[in-house]
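Architecture at a glance
Listed below, chain by chain, are the residues.
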Amino acid sequence: MTTPARHTAPKFKKPRKGKWIIMSITIILGLAALWIINTFAQQIRQSEEEKVRIWASAVSQKAQLISSTETFFNEVAIDERRKVKLYIDVLRSFNNSDLSSDAAFSLSYVSYIVDSSRTPFIILNRDTLITSCGNITPTPQQDRQLIGTKPSPQLLQTFSDNPPFNYTIWGIPLTLLYRQSQIYSDMRATLDNLNTSFLTEVTNNSVLVPVIIVDSTRQNVISSGNINPSQFDTPQKLNDKLSQMADQNQPITLQLPNSRTAYVYYQPTPMLRLLRIIPLVYLFLALVLLLISYNLFRTARSEEENRVWVGMAKETAHQLGTPISSLSGWADYLEGKTLTQPYLDEIRKDIDRLDTIARRFSKIGSTPELTPQDVTQVIQHTIAYLQKRSPRKVNFVTTLPDHPVIAPLNPYLFEWVIENICKNAIDAMQGNGTFTTILTTQGNLIHIDLADTGKGIPPSQQKYIFNSGYTTKQRGWGLGLSLARRIIQDYHKGHIALKYSIPGQGTVFRITINAQQESQPTK
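Residues numbered from 1 in each chain as written. Predicted model: local features only at pLDDT ≥ 70, side-chain atom pairs only at ≥ 80, totals over all residues. Heavy atoms only, no water.

1. Focus: the overall build of the chain
Secondary structure summary: the chain contains eleven helices and 15 strands in total. Taking all 523 residues of the chain together, the buried fraction comes to 36%. In the chain, the share of contacts with a sequence separation of at least 24, taken over all contacts with a separation of at least 6, comes to 66%. (Helix = DSSP H or I, 4+ residues; strand = E, 2+ residues; numbered from the N terminus. Buried < 20%, exposed > 50% of the residue type's maximum accessible area, 1.4 Å probe, protein only. Contact = heavy atoms within 4.5 Å.)

This is the structure we're talking about:
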């Protein structure tokens with residue numbers, strides 16, 4: 001008699017590391033590319049930031065130059081007023097009774113200073129007639145023609161910027177009006193033009209720096225550039241925008257003509273803001289690509305496993321069909337002969353068991369039919385069959401409700417799950433221990449706890465127990481728990497999990513399925 005070949009399977013090994021190696025290489029390449037892109041972006045960003053710093057430094061230096069120039073013009077204006085005041089003081093000296101030739105000399109000297117600085121002035125008497133004037137028209141002859149006439153309102157308006165000097169000579173009240181010299185006015189106009197062009201240059205800069213220039217109250221916008229006006233078209237928006245820009249860069253203070261103060265607010269260029277988020281965008285895309293690659297890899301592997309399972313199941317059902325038919329024929333032939341009825345009953349139970357196994361495998365890969373079943377009876381039938389075929393030192397403890405618990409089941413497949421877990425438990429207990437089955441309900445959920453007092457599962461391997469190929473046995477394919485999870489989760493839409501396992505004390509699995517929904521009464 002030929003002994004059939006026995007297949008052996010290697011001890012459990014952790015899942016292949018191939019996919020993790022591929023993923024690691026992908027992550028390393030992605031990080032390397034990210035580092036290169038980030039390096040280039042960092043260099044460009046530093047260049048852009050340096051341009052902005054140079055621009056801000058130039059604006060500050062020009063602002064200081066304008067401030068210094070404004071100070072200079074203020075001093076010139078004070079000096080010109082001092083000269084006019086000196087001229088008035090000399091004129092007032094003629095009121096002294098001891099007038100000497102020195103007074104005439106002083107008057108001539110001061111008149112020379114006023115004339116040389118080309119400070120325009122007019123002297124009016126009580127009738128507002130011009131008694132003396134200078135530097136008003138292009139030539140002295142034209143100035144002398146104004147003496148004895150009444151100044152026009154337009155002419156008086158040109159002298160309104162400076163307060164007049166009122167004085168009396170020989171009892172005659174006189175008023176001296178003056179304005180800044182022509183040289184001062186020309187230089188002031190040039191400076192004003194420079195200020196205007198400077199503000200335009202600040203706002204419309206070639207570096208494309210977004211700029212807002214506001215007055216001393218920070219409520220009025222003097223000028224802006226490289227920024228959408230809709231971002232600060234209301235006082236609240238303006239305040240928020242200025243606060244945001246101040247958090248990014250310290251505002252630059254400008255001293256404008258006529259003692260006005262302005263503040264330049266600016267923020268990084270659009271290029272800088274884009275360069276700061278490019279690494280994050282790249283990292284996000286890399287993660288998305290990695291997740292897509294991993295899902296494709298997992299899907300392909302899952303489809304391959306499904307094809308393997310279906311092929312194995314169909315082939316097993318085919319192989320079991322012949323011996324089942326043969327055993328059934330022998331049982332019919334031996335019935336009523338030398339075999340006693342109890343032995344014959346057991347033979348028929350095994351034959352029924354083989355038929356059940358064939359039905360189980362034939363349903364793998366197709367959608368099994370779920371019918372309302374009493375879960376307590378299915379469990380009792382399975383445990384009763386296993387108890388008679390288990391070592392005597394294995395104690396079976398079953399705690400079930402004393403009323404039916406109905407759930408949509410395929411009894412052939414569901415018994416398979418209980419059988420697989422029970423056989424694993426007996427192996428883990430090495431034929432000596434207690435296997436406990438407890439059924440409880442919680443609302444619409446049915447919980448079945450299957451516990452053993454075996455050697456337990458090491459924590460390092462607990463996450464692999466439902467993977468295909470997992471086994472701690474010298475012989476076996478490691479398909480039991482993988483099939484159990486497929487039957488419970490894919491076919492019965494339930495859940496199976498390792499509740500806990502303590503090495504040296506035992507293991508508890510929990511199966512959760514949905515109870516049968518009660519039919520609604522007909523109205």
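2. Describing the sheet that holds strand β14 (residues 495-502)
Spatial ordering of the open sheet is given by β10-β12-β13-β15-β14, a layout of five strands whose pairing is mixed. Every other strand in the sheet has two partners, leaving β10 (394-399) and β14 as the edge strands with one partner each. In this sheet, adjacent strand axes meet at a mean angle of 15° when their direction is disregarded. Contacts between helix α11 (residues 480-491) and the sheet are confined to β14 and β15 (506-514), with β14 contributing the most and set at about 135° to the helix. (Pairing = 2+ DSSP bridges. Axes fitted to C-alpha atoms, helices over the stretch in contact; angles between N-to-C directions.)

3. Quick word on the nonpolar core
Grouped together as the largest cluster of nonpolar side chains are 42 residues, with contacts concentrated most on Val375, Phe414, Ile446, Ile448 and Ile511. At ten residues, the largest contribution of residues to this core is made by helix α10 (residues 411-429). Leave out the neighbours within four places in its chain, and phenylalanine 414 touches Val375, Val378, Ile379, Leu409, Ile448, Ile488, His492, Ile511 and Ile513. Ranked by size, the runner-up nonpolar core spans eleven residues in total, among them Ile88, Phe121, Ile123 and Phe165. (Core = buried A, V, L, I, M, F, W, Y, C linked by side-chain atoms within 4.5 Å.)

4. Observations concerning helix α6 (residues 235-248)
Since the α-helix packs 3.6 residues into each turn, any two residues three or four apart lie on the same face. The first and last C-alpha atoms of α6 sit 20 Å apart over 14 residues, in line with the 20 Å expected at 1.5 Å per residue. Every buried residue belonging to α6 is among Leu238, Lys241, Leu242 and Met245, and all of these are buried. End-on view of α6: buried residues confined to an arc of 100°, all on one side of the axis. Looking at α6, the residues exposed on the side facing more than 90 degrees away from the buried face are Gln236 and Asp247. On its buried side, α6 packs onto β5 (211-215), β6 (221-225) and β8 (260-266). (Expected span 1.5 Å × (residues − 1). Arc of directions from axis to C-beta.)

5. Regarding the pattern of salt bridges
The full count for this structure, using the stated rule, is four salt bridges. Here aspartate 233 and lysine 237 are joined by a salt bridge, their closest N and O atoms 3.4 Å apart. Among the ionic pairs, aspartate 449 bridges to lysine 499, the shortest N-O distance being 3.3 Å. One end of the pair, aspartate 449, is in strand β13 (residues 445-452); the other, lysine 499, is in strand β14, with 50 residues separating them in the sequence. Overall, aspartate 449 belongs to the buried group, its relative accessible area being 12%. The network of salt bridges with common partners includes Asp449, Lys499 and Arg510. (Salt bridge = Lys/Arg side-chain N within 4 Å of Asp/Glu carboxyl O.)

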